[in-house]
Amino acid sequence: MSFGELMAGAEPRDGGFALTVPETWYQGRTAYGGFSSAVALEAARLVGSEGAGSEGLAQLRSAQISFVAPLTGPVEARARVLRRGKNATWISAELATEGGVATTASFAFMKPVDSALHLNELPPPPDVIPVDQALPFAMKHSPTFLREHFEVRFALPRGEEKRPELCWWVRLKDRNGLHPMTETMLVGDALPPGVLPLLNPGVPVSSMTWLVNLLTPSPATRDGWWLMRVVGDFAEQGCSNEPMAIWNADGEPVVSGMQAVAVFG
């Protein structure tokens, strides 16, 4: 079941909706983080659109996600408007299972405003392989969600030295009916932690928090392909700091973010 089909079949609830996480969206013993984030965003968009006026809810510009506990089985998604200002609206969302709260999120939606400041210091890596020349990623041992819902290609030449960095071309197999912001959140967590190449096989890792800054109010790309890069720049005592970024197929920056990742080994 695609994400669009799942959302179309969600059962309305006061302040949100209910659904059951399909096994095809699992990553180990929990739902894939991008899935959880996208569900929370859909709840926020639903509640935020109510009372937003004729202009509707502004575009998402920043999100803070906390993966509190495994998200599995039946889930209730609820959201509430924290503040609706002249230019920006803040909305919180929670995803809960029978065991309690599993995911929390805070979203900031903001209208574009005129500014004299123009700065872009987020170019893509200089040696990126064009997507039409990039080799497909072997999915045999990949998480379920990645095999079932994504296409992946290597975006950087393979080097002899292992580095705490991953850079892939990624796109959803089925994007029908998805809001551009929802697609961005759904795709945005597809890469494993950047420190994965340095770890022994089988070492468990788990995202704890995810900060996402949208660099454009209207993310778009060609043929659904996004260039994604994550780097582990510091790791001690079981926690890795992971800056990440996303560009569209034309090399324009779309997302800048950061994850805190627990490393159990």
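Above this text you will find the structure in question.
Every value quoted in this text rests on a predicted model; they were computed, and no experiment measured them. (Residues numbered from 1 in each chain as written. Predicted model: local features only at pLDDT ≥ 70, side-chain atom pairs only at ≥ 80, totals over all residues. Heavy atoms only, no water.)

1. A word on the overall build of the protein
Piece 1. Helices and strands together make up the secondary structure of the protein, namely four helices and 15 strands.
Piece 2. Relative to the 2.2 N^0.38 estimate, which gives 18 Å for 265 residues, the radius of gyration of the protein is 18 Å and therefore close to what a compact globule would have.
Piece 3. The C-alpha extent of the protein, read off along each of the three principal axes, is 55 × 50 × 35 Å.
Piece 4. Counting all 265 residues of the protein, 47% fall into the buried class.
Piece 5. Carbon and sulfur atoms form 51% of the exposed surface of the protein, whose accessible area is close to 13700 Å².
Piece 6. In the protein, which carries 21 positive and 28 negative side-chain charges, the distance between the mean positions of the two groups comes to 1 Å. (Helix = DSSP H or I, 4+ residues; strand = E, 2+ residues; numbered from the N terminus. Rg over C-alpha atoms; globule rule 2.2 N^0.38 Å. Buried < 20%, exposed > 50% of the residue type's maximum accessible area, 1.4 Å probe, protein only. Areas by Shrake-Rupley, 256 points an atom, 1.4 Å probe, with all protein chains shown as cover. Lys, Arg positive; Asp, Glu negative; His and termini not counted. Charge placed at Lys NZ, Arg CZ, Asp CG, Glu CD.)

2. Remarks on the packing of aromatic side chains
Piece 1. In total, this model carries eleven aromatic pairs according to the counting rule given.
Piece 2. When the ring of Phe-137 is compared with that of Trp-168, the centres are 4.7 Å apart and the planes differ by 40°; the resulting orientation is tilted. Residue Phe-137 is located in the loop between strand 8 (100-110) and helix 3 (144-149), and its partner Trp-168 is located in strand 10 (residues 165-172); the two are separated by 31 residues in the primary sequence.
Piece 3. Through successive ring pairs, a cluster of aromatic residues spans Phe-3, Trp-25, Tyr-32, Phe-35, Phe-145 and Phe-150.
Piece 4. When the ring centre of Phe-154 is taken as reference, the NZ or CZ atom of Arg-158 above it lies at 4.6 Å. (Phe/Tyr/Trp six-rings, centres within 6.5 Å; stacked < 30°, edge-to-face > 60°. Lys NZ or Arg CZ within 6 Å of the ring centre and 35° of its normal.)

3. Remarks on helix 2 (residues 33-49)
Piece 1. End to end, helix 2 covers 24 Å across 17 residues, agreeing with the expected 24 Å (1.5 Å per residue, within 8%).
Piece 2. With respect to burial, helix 2 is a largely interior element, 14 of its 17 residues being buried.
Piece 3. Within two residues after helix 2, Gly-51 carries a phi angle of roughly 80°, on the positive side. (Expected span 1.5 Å × (residues − 1).)

4. Focus: the pattern of salt bridges
Piece 1. Scanning the entire structure with this criterion turns up nine salt bridges.
Piece 2. Arg-45 is the partner of Glu-42 in a salt bridge, and the nearest nitrogen-oxygen pair spans 2.9 Å. Here Arg-45 and Glu-42 lie together in helix 2, a separation of three residues that amounts to about one turn.
Piece 3. Owing to a relative accessible area of 16%, Glu-42 belongs among the buried residues under this scheme.
Piece 4. Because the salt bridges share partners, they merge into one network encompassing Glu-11, Arg-13, Glu-76 and Arg-78. (Salt bridge = Lys/Arg side-chain N within 4 Å of Asp/Glu carboxyl O.)

5. Things to note about the nonpolar core
Piece 1. Trp-25, Phe-35, Phe-107, Phe-150 and Met-185 are the most contacted members of the largest nonpolar core, which has 63 residues in total.
Piece 2. The leading source of residues in this core is helix 2, at eight residues.
Piece 3. Once you skip the residues sitting within four places of it in the chain, Phe-150 turns out to touch Trp-25, Tyr-32, Met-139, Phe-145, Val-170, Arg-171, Leu-172, Lys-173, Leu-186 and Val-187.
Piece 4. In terms of nonpolar packing, the next biggest core, distinct from the first, is built from eleven residues, Cys-167, Trp-169, Ala-245 and Ala-249 among them. (Core = buried A, V, L, I, M, F, W, Y, C linked by side-chain atoms within 4.5 Å. Contact = heavy atoms within 4.5 Å.)

6. Describing the environment of Thr-89
Piece 1. Tracing the sequence through the fold places Thr-89 in strand 7 (residues 88-97).
Piece 2. Overall, the relative accessible area of 7% leaves Thr-89 in the buried class.
Piece 3. Expressed as a C-alpha distance, the spacing of Thr-89 and Leu-146, which sit 57 residues apart in the sequence, is 33 Å.
Piece 4. Apart from the residues lying within four places of it in its own chain, the contact partners of Thr-89 are Leu-57, Val-81, Arg-83, Arg-84, Phe-107, Ala-108 and Phe-109.

7. Things to note about unusual backbone geometry
Note on backbone geometry: most residues besides glycine have negative phi, and most peptide bonds are trans.
Piece 1. Of note, Asp-223 is a non-glycine position whose phi angle comes to about 55°, a positive value.
Piece 2. Note on placement: Asp-223 falls in the loop between strand 11 (205-214) and strand 12 (226-231).
Piece 3. With a relative accessible area of 56%, Asp-223 lands in the exposed category.
Piece 4. Unusually for a residue other than glycine, Gln-237 sits at a positive phi of about 50°.
Piece 5. When you line up the elements, Gln-237 lands in the loop between strand 13 (234-236) and strand 14 (239-248).

8. Re the environment of Ala-79
Piece 1. Note on placement: Ala-79 falls in strand 6 (residues 74-84).
Piece 2. For Ala-79, a relative accessible area of 11% puts it in the buried group.
Piece 3. Separated by 41 residues in the primary sequence, Ala-79 and Ala-38 place their C-alpha atoms 13 Å from one another.
Piece 4. For Ala-79, the contacting residues outside a window of four places in its chain are Gly-15, Ala-43, Ala-44, Val-47, Ile-91, Ser-92 and Ala-93.

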